[in-house]
Amino acid sequence: MSADRPKAETPGPRTAQAPASPPALASVPVSVLGRRVPLFYDFAMSWRRAAVDKLAQAVDYVYQAAVEGDVAEFGTFSGLTAAALARSMREVERFGGDWIRAHGLGERKLHLFDSFEGFPGVSAAADVESPSVAAGVWAEGQGKGRSEAELVEICGAYLGRERVRTHAGWFRDSLARVEPGVRFALVHLDCDLYESTLDVLVDLFEHDRWSDGCTLLFDDWNCNRASPRFGERRAWAECVDRYRPSFTDCGGYGPLGWQFLLHR
């Protein structure tokens, strides 16, 4: 018998074993298309990735399709999507310089609109009766995020501070102060509320602030159980009835977003 061969152990008395703890949810594998992947799903990261990816694609679109005008975001909160827009603009400009110059597009600015005070008070029935407001999820003063100075610092790191414009105040008031002749190639609406969204859309159409091919991205389209009676869905439907724009429905992105293209 080899000296390094282990000797058989004599069985001893059985002792009670504590039941094994169930594996953590993140470690339970499932099979997806033949691959073993964690069952755990990071919903927060998935939403962020979907939003950032779609914004990056939309920025790429307005440059490649030669849509004239600036980029605007309504509702900046944490600055995540504002930073995504700024970085995407920088990257497209870095690699598409010849294309941009050939179309004579010029230098775009990034306009960031926010109250910087959180949600406004609501009065319209379409907001008061909405599930998100009724549940207190969207309440006056909530949703206050980064300051103007912080946004300029974050986005200016990609574009230069001189290309970042912040517009403080309720959308109806801040849009009234935008320089005449400014048009938008891309508008990201993270307005949540029906009335806030309506203020933006009415101004866009009444003051002709959008360029041919402008893309509209609604961040909260499917909030409030995706009901057409509330929020961004209702505001858009009313403006379509009122202004009769020609548009392409590009469909949804992520759990809540939706995209359109406007045509002249």
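Higher on the page you've got the structure.
Summarised in this report is the structure supplied together with it. Note that the structure is predicted; figures quoted are calculated from it, not measured.

**Overview of the packing of helix α8 (residues 194-206) against helix α9 (residues 231-243)**
It is the contact of α8 with α9, at a shortest axis distance of 8 Å, that shows an interaxial angle of 30°. It follows that α8 is roughly parallel to α9 by the angle criterion. As α8 packs across α9, the resulting crossing turns out to be right-handed. Residues Tyr-194, Thr-197, Leu-198, Leu-201, Val-202, Phe-205 and Glu-206 of α8 touch α9, and the partners they reach there are Gly-231, Glu-232, Arg-234, Ala-235, Trp-236, Glu-238, Cys-239, Arg-242 and Tyr-243. Partitioned by chemical class, the residues of the contact of α8 with α9 number nine nonpolar, two polar and five charged.

**Some words on the sheet that holds strand β8 (residues 246-253)**
Pairing is mixed in the open sheet, where seven strands are placed in the order β5-β4-β3-β6-β7-β9-β8. Looking at the sheet topology across the chains shown, the edges are occupied by β5 (164-168) and β8. Shown here is a sheet whose adjacent strand axes are inclined to one another by a mean of 15°, direction ignored. Note: β8 against strand β9 (residues 257-263), seven bridges, orientation antiparallel. By the bridge assignment for β9, Gly-252 is matched with Trp-258.

**Describing the nonpolar core**
Core analysis: the biggest nonpolar cluster contains 31 residues, and Phe-74, Leu-201, Leu-216 and Trp-236 have the highest contact counts within it. Put simply, the parts of the chain that give this core at least two residues each are β3 (70-74), α7 (171-175), β6 (184-189), α8, β7 (210-218), α9 and β9. By residue number, the principal contributor to this core is α8, which donates seven residues. In terms of nonpolar packing, the next biggest core, distinct from the first, is built from 26 residues, Val-67, Leu-85, Leu-110 and Leu-186 among them.

**Focus on the packing of helix α2 (residues 80-95) against helix α6 (residues 148-159)**
Two numbers describe how α2 lies on α6: the axes approach to 8 Å, and their chain directions differ by 15°. The angle between α2 and α6 places the two elements in the roughly parallel class. For the pair α2 and α6, the sense of crossing is right-handed. Facing Ala-82, Ala-83, Ala-86, Arg-87, Met-89 and Arg-90 of α2, the residues of α6 in contact are Leu-151, Ile-154, Cys-155, Tyr-158 and Leu-159.

**Some remarks on the packing of aromatic side chains**
Counted by the stated rule, this structure contains 14 aromatic pairs. Here the aromatic rings of Trp-221 and Trp-258 are separated by 6.1 Å at their centres, their planes lie at 25°, and the arrangement is stacked. Here the residue Trp-221 occupies a position in the loop between β7 and α9, and Trp-258 occupies one in strand β9, the gap between them amounting to 37 residues. Judged by centre distance (5.5 Å) and plane angle (85°), the rings of Phe-247 and Phe-260 are edge-to-face.

Rules used in this analysis
- Residues numbered from 1 in each chain as written.
- Predicted model: local features only at pLDDT ≥ 70, side-chain atom pairs only at ≥ 80, totals over all residues.
- Heavy atoms only, no water.
- Axes fitted to C-alpha atoms, helices over the stretch in contact; angles between N-to-C directions.
- Helix = DSSP H or I, 4+ residues; strand = E, 2+ residues; numbered from the N terminus.
- Parallel < 35°, antiparallel > 145°, perpendicular 65-115°, else oblique.
- Left-handed = near helix turned anticlockwise from the far one by under 90°.
- Contact = heavy atoms within 4.5 Å.
- Nonpolar A, V, L, I, M, F, W, Y, C, P; charged D, E, K, R; others polar.
- Pairing = 2+ DSSP bridges.
- Core = buried A, V, L, I, M, F, W, Y, C linked by side-chain atoms within 4.5 Å.
- Buried < 20%, exposed > 50% of the residue type's maximum accessible area, 1.4 Å probe, protein only.
- Phe/Tyr/Trp six-rings, centres within 6.5 Å; stacked < 30°, edge-to-face > 60°.

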